[in-house]
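The lines below spell out each chain.
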Amino acid sequence: MKLVLTVVVLVGALASTCSGYQVKPKNYTATVEQLQHEFARAEKDFEREFRIWKHTGVKTPRFREMVDSWKIPREERGMELEDLPIQREGQICLLCRSIVGQLMQQRQNGATRDDLFETAYELCTTLQIQEPDVCYGVIEINIDFFIYIFDNRPSLGSDSVCAVIFQSSACILSDPEFLDWSVNVDASGRPVTESKHFPSARGPNDIKIVQITDLHYDPKYQMGYNAVCNRPACCRNDQGIPEDPSEQAGRWGDYRDCDSPWDAIEDVIDHVAEFHPDAAYIYHTGDMIDHGVWETSIGHNIGAMNRIYSKLIRTFPDTPVLNILGNHEAHPTNVFAPSINVRPDFSMDWLYRFSADLWGHWLPQSTRHTIQQGGFYTYLIRPGLRVVALNNQDCYTFNWWILWRPDYLANQMQWLHDVLLVAEQNNEKVHILAHIPYASSGSTFRICQREFRRILERFHDTISAQFHGHTHRDEFNVFYSRESPEHAINVAWNGGSTTAFSDINPNYIVYYVDPETYQVTDFESYIFNLTDANLTPDRRPDWFKLYSFAEEFDMHNLSPAEADRMVKRLGTPAGRDELYRYWQFKVKLGDPSLEAGCDENCLLNHLCQIVVSEMGDDVKCDELRETFFD
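The rules we used
- Residues numbered from 1 in each chain as written.
- Predicted model: local features only at pLDDT ≥ 70, side-chain atom pairs only at ≥ 80, totals over all residues.
- Heavy atoms only, no water.
- UniProt positions renumbered as here; feature names shortened; annotations may be inferred.
- Helix = DSSP H or I, 4+ residues; strand = E, 2+ residues; numbered from the N terminus.
- Buried < 20%, exposed > 50% of the residue type's maximum accessible area, 1.4 Å probe, protein only.
- Polar contact = N/O pair within 3.5 Å; in protein donor to acceptor, adjacent residues only side chain to side chain.
- Disulfide = S-S within 2.5 Å.
- Axes fitted to C-alpha atoms, helices over the stretch in contact; angles between N-to-C directions.
- Parallel < 35°, antiparallel > 145°, perpendicular 65-115°, else oblique.
- Contact = heavy atoms within 4.5 Å.
- Nonpolar A, V, L, I, M, F, W, Y, C, P; charged D, E, K, R; others polar.
- Pairing = 2+ DSSP bridges.
- Phe/Tyr/Trp six-rings, centres within 6.5 Å; stacked < 30°, edge-to-face > 60°.

Visitor: Any chance you could explain the UniProt feature "binding site: Zn(2+) 2" (unreviewed entry) in the chain here in plain terms?
Guide: According to UniProt, the "binding site: Zn(2+) 2" (unreviewed entry) feature falls on Asp287, Asn327, His435 and His470. A stretch of 184 residues holds the annotated residues, and the largest C-alpha distance among them is 8.3 Å, short enough that they meet in one place. Among the secondary structure elements, Asp287 is positioned in the loop between strand S2 (281-284) and helix H10 (298-315). The class for Asp287 is buried, based on a relative accessible area of 0%. One can find His435 in the loop between strand S6 (429-433) and helix H14 (446-458). When its relative accessible area of 0% is taken as the criterion, His435 is described as buried. Of note is the side chain of His435, whose polar atom sits 2.7 Å from the backbone oxygen of Thr285.

Here it is as structure tokens:
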């Protein structure tokens with residue numbers, strides 16, 4: 001979940017999955033406006049010094065000074081922009097615009113692929129964005145996409161590139177080609193006049209649905225190997241055995257930047273089958289592939305996915321498993337080329353055809369066409385309940401193809417709208433599965449957020465729930481009406497992750513769904529403590545129920561109205577203990593997270609993340625901030 005070629009290719013490809021939200025200071029907008037002038041001067045300064053370097057081979061003292069001041073601290077490697085200190089947003093945007101602008105200029109002046117690679121590699125290593133082998137691998141895998149986009153979009157400016165990928169108020173997007181596309185939304189829906197609510201509490205006839213997400217299986221994970229490797233993925237069999245035993249990978253996973261060993265993958269799938277045999281459906285919401293983003297390949301990804309799907313087919317031969325793609329399933333990571341692309345070597349056909357074949361074990365033939373077209377589908381899983389499974393990686397800010405044809409993003413969203421319109425006419429309710437939360441302001445392109453909210457508001461009666469992954473956190477988002485923000489209209493649930501990457505315990509979620517409205521009435525989160533599990537490596541992990549959401553937070557059900565009531569309560573001093581408990585559950589009692597703690601400003605950030613669903617729309621957060629310190 002970050003820099004383009006260096007800033008964008010590397011920082012983007014190596015971004016972590018944890019995306020947060022930071023409450024902006026009250027003077028934030030004015031401060032950013034003032035800084036824009038300073039950033040423009042610095043950008044011109046860098047342009048001059050960069051050209052001297054490229055023309056003479058000499059790095060002037062001023063150039064070295066600027067590069068030294070822009071070096072990425074090790075603790076910021078792999079962080080999403082919104083997880084960085086808020087004052088760093090403008091600096092990262094400046095760094096991006098400066099470097100991307102010069103790389104684009106180099107290309108326009110006739111620079112070859114080798115020329116650009118050499119420049120990008122030297123800047124990556126000099127700026128300490130990653131270790132040299134990681135810099136080399138990520139640039140090699142991604143550079144051809146950028147050359148193609150730069151060559152075919154001569155009007156594309158570095159300001160637009162950086163504003164898409166590092167979207168924040170400090171990185172301004174003004175290009176109408178990115179802003180002015182939209183979905184055709186049917187105008188005949190019922191207006192929102194109140195928060196959505198329903199009377200049903202959890203009952204004995206509820207449908208049980210298990211969500212498994214973010215397995216992140218690493219075939220190279222090996223117990224005892226280096227868990228502190230200073231790379232995007234550690235604990236791998238080519239990274240050596242450290243002398244310090246505390247830096248060695250555990251049997252069942254590791255809290256550090258390590259993915260899941262096969263034993264842990266098998267264990268969670270077997271545990272779900274053994275302890276929840278009455279589950280009607282399994283929602284498997286993506287990210288099966290590891291974080292070794294500098295050395296992915298089509299063969300590597302297919303091999304890992306094939307092993308997981310084979311396990312799921314053997315374990316759940318008769319229980320429908322509804323699968324979707326995550327951003328790590330692509331090669332390169334995050335990069336999902338549109339079907340209209342003319343370069344066969346950029347095509348995603350290999351992934352979509354593979355997915356259609358494997359998902360076909362549980363899905364009807366009618367889903368195959370759209371899966372092969374773009375990795376998405378719809379399926380009436382029982383009378384009255386339709387699943388719409390999206391591939392919303394096209395809207396991921398680190399999907400480079402947004403820069404090429406931003407209007408292509410409307411295609412799948414228009415399909416979603418049209419499916420919902422037919423579902424409404426047939427009196428069906430809908431569950432939406434999408435790997436990346438649409439409310440994630442650092443991950444989902446802002447115009448996709450805007451258009452998704454328009455669709456959500458139009459079909460607030462039809463959409464019963466959303467289910468996401470990606471962040472690895474046990475969390476949720478409340479969506480409010482764009483026209484009447486006092487009304488809560490939908491809730492999106494996040495399944496967390498079965499991987500411990502990073503600082504969290506593995507988990508899965510069991511939902512209870514009303515058999516008439518198909519609304520979620522309650523859910524339970526199941527975890528095991530990784531520290532304890534690794535102390536007894538010869539025993540299977542001891543899974544246990546962490547909590548029931550409705551019981552823990554005194555909720556009659558999990559309707560948007562009830563969720564809004566809960567959030568408002570947690571947004572007062574009297575609700576501080578509850579909010580801290582919510583944060584503890586969000587990080588799944590991960591030992592390193594609990595040790596680091598979460599102060600009041602941290603808690604307010606986590607609270608606001610629940611209610612902010614469109615970048616730049618901080619209305620609900622501002623309301624909570626007013627009551628938080630009363």
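Visitor: Honestly, the state of the cysteines in this entry has me stumped. Any pointers?
Guide: As used in these notes, a disulfide is a covalent bond between sulfur atoms, one from each of two cysteines. Taken as a whole and assessed by the stated rule, the structure comprises eight disulfides. A sulfur-sulfur separation of 2.0 Å characterises the disulfide bridge that pairs Cys96 with Cys162. Looking along the S-S bond of the Cys96-Cys162 disulfide, the torsion reads about -85°, which is the left-handed sense. Highlighted residues: Cys96 in helix H4 (residues 88-108) and Cys162 in helix H7 (residues 158-165), separated in sequence by 66 residues. Taking relative accessible area as the criterion, Cys96 reaches 0% and is therefore assigned buried. Disulfide pairing places Cys229 opposite Cys234 at an S-S distance of 2.0 Å. Across the S-S bond of Cys229 and Cys234 the torsion is about -85°, and the bridge reads as left-handed. Cys229 gets classed as buried once you look at its relative accessible area, which sits at 5%.

Visitor: Hey, could you run me through the packing of helix H18 (residues 576-586) against helix H20 (residues 600-611) in this one?
Guide: When two helices pack together, you describe them by how their axes are tilted relative to each other and by the distance separating the axes. Close contact between H18 and H20 brings their axes to 10 Å; oriented N to C, the two are set at 75°. What the angle tells us is that H18 and H20 run roughly perpendicular. Residues Arg576, Leu579, Tyr580, Tyr582, Trp583 and Lys586 of H18 pack against Glu600, Leu603, His606, Leu607, Gln609 and Ile610 of H20. Here the residues of the contact of H18 with H20 are counted per class, giving seven nonpolar, two polar and three charged.

Visitor: Help me understand the UniProt feature "binding site: Zn(2+) 1" (unreviewed entry) in the chain, please; the structure alone is not making it clear to me.
Guide: Mapped onto the present numbering, the UniProt feature "binding site: Zn(2+) 1" (unreviewed entry) falls at Asp214, His216, Asp287 and His472. Spanning 259 residues, the named residues form one tight spatial group whose C-alpha atoms are at most 10.5 Å apart. Given the relative accessible area of 0%, His216 is considered buried. Filtering out sequence-adjacent residues up to four positions away, His216 remains in contact with Asp259, Ser260, Asp287, Met288, Ile289, Asp290, His291, His328, His472 and Thr499. At a separation of 3.4 Å, a polar atom in the side chain of His216 contacts the side chain of Asp214. Every residue in contact with Asp287, bar those within four places of it in the chain, is listed here: Asp214, Leu215, His216, Gly326, Asn327, His328, Glu329, His435 and His470.

Visitor: Would you mind going over the sheet that holds S2 with me for this structure?
Guide: Strand pairing within a sheet occurs via backbone hydrogen bonds; the two strands may be parallel or antiparallel. Here six strands make up an open sheet; going across it, the order is S3-S2-S1-S10-S11-S12 and the pairing mixed. Of all strands in the sheet, those bounded by a partner on one side alone are strand S3 (321-323) and strand S12 (544-548). In this sheet, neighbouring strand axes are inclined to one another by 25° on average, regardless of whether the strands run parallel or antiparallel.

Visitor: Whenever I open this one, the packing of aromatic side chains confuses me. Can you help?
Guide: How two aromatic rings sit relative to each other is set out by the distance from centre to centre and by the angle between their planes. This structure, assessed with the given rule, holds 43 aromatic pairs. Each ring, one from Tyr121 and one from Tyr136, has its centre 6.3 Å from the other, and the planes form 80°; the classification is edge-to-face. Here the residue Tyr121 occupies a position in helix H5 (residues 113-126), and Tyr136 occupies one in helix H6 (residues 132-152), the gap between them amounting to 15 residues. Residue class for Tyr121 comes out partly exposed when judged on its relative accessible area of 28%.

Visitor: I'm lost on unusual backbone geometry in this one. Help?
Guide: Generally, phi is negative for residues other than glycine and the peptide bonds are trans, each holding for most cases. With an omega of -5°, the peptide bond running from His331 to Pro332 counts as cis. Even without a glycine there, the phi angle at Lys588 is positive, about 60°.

Visitor: Would you explain the sheet that holds strand S5 (residues 385-389) in this entry?
Guide: Pairing within the open sheet is mixed, and its six strands lie in the order S4-S5-S6-S7-S9-S8. Of all the strands in the sheet, the pair left with one neighbour each is strand S4 (377-382) and strand S8 (476-480). Each adjacent strand pair in this sheet contributes to an overall mean axis angle of 25°, direction not counted. Note: S8 against strand S9 (residues 488-494), five bridges, orientation antiparallel. Of the residues in S9, the one forming a bridge with Val478 is Val491. Set on the sheet, helix H13 (residues 409-425) makes contact with S4, S5, S6 and strand S7 (463-468); between it and S5 the angle comes to about 180°.

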